[in-house]
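# Understanding the architecture of this molecule
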Amino acid sequence: MSLTAPSPAEFLASASPGTRVVVRYRIEGGLTDALGLLVGTAGGDCTVRTRQADVVIPLELVVAAKEVPPAPPRRRPRS
């Protein structure tokens, strides 16, 4: 019996909003990543809320995606 993993787009479409994900996708000149909370998928796009902004990524450009553990707690600033 052979089980195949879902494609990155299938994973994103089935993941619950609020899941922490990393998404690797194509941009002009190479690849980049978006790390954050999945806001949702609709109309052939997925939205990831990163620390800087919401990133809207066309699913056709996604080459990899997976769930990642929660971010570690932020360290206190040094005095």
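One structure accompanies this document, and this report is about it. (Residues numbered from 1 in each chain as written. Predicted model: local features only at pLDDT ≥ 70, side-chain atom pairs only at ≥ 80, totals over all residues. Heavy atoms only, no water.)

## Some remarks on the layout of surface pockets
In plain terms, the rule: As defined here, a cavity is a set of points on a 1 Å grid over the protein atoms alone where a 1.4 Å probe fits but cannot get out. A pocket is an open set with protein on both sides within 12 Å along at least five of seven lines, and residues line them when an atom is within 4 Å of a point. Grid points are joined across faces, edges and corners, and a volume is the space filled by probe spheres set on the points. Every helix listed is a DSSP run of H or I at least four residues long, and every strand listed is a run of E at least two residues long, numbered separately from the N terminus. Each residue gets one label: Ala, Val, Leu, Ile, Met, Phe, Trp, Tyr, Cys and Pro are nonpolar, Asp, Glu, Lys and Arg are charged, and the others, such as Gly, are polar.
Considered as a void within the structure, the largest pocket measures approximately 150 Å³ in volume. Forming the walls of the largest pocket are Arg 20, Asp 33, Ala 34, Leu 35, Gly 36, Leu 37, Thr 50, Arg 51, Gln 52 and Ala 71. Per-element tally for the lining of the largest pocket: the top contributor is strand S2 (residues 30-42), with five residues. Class assignment for the residues of the lining of the largest pocket results in four nonpolar, three polar and three charged.

## Quick word on the side chain of Thr 19
Heads up, the condition is: Summary of the burial criterion: residues with accessible area below 20% of their type's maximum are buried, those above 50% are exposed, and those between are partly exposed, where the area comes from a 1.4 Å probe applied to protein chains only.
Note on placement: Thr 19 falls in the loop between helix H1 (8-14) and strand S1 (20-27). Accessibility expressed as a relative area gives 14% for Thr 19, which makes it buried.

## Observations concerning the environment of Val 23
Heads up, the rule is: Whether two residues are in contact is decided by their heavy atoms: any pair within 4.5 Å suffices.
By the element assignment, Val 23 lies in strand S1. Here Val 23 is in contact with Leu 12, Thr 32, Asp 33, Ala 34, Val 48, Ile 57, Val 62, Ala 64 and Ala 65, once residues within four sequence places are set aside.

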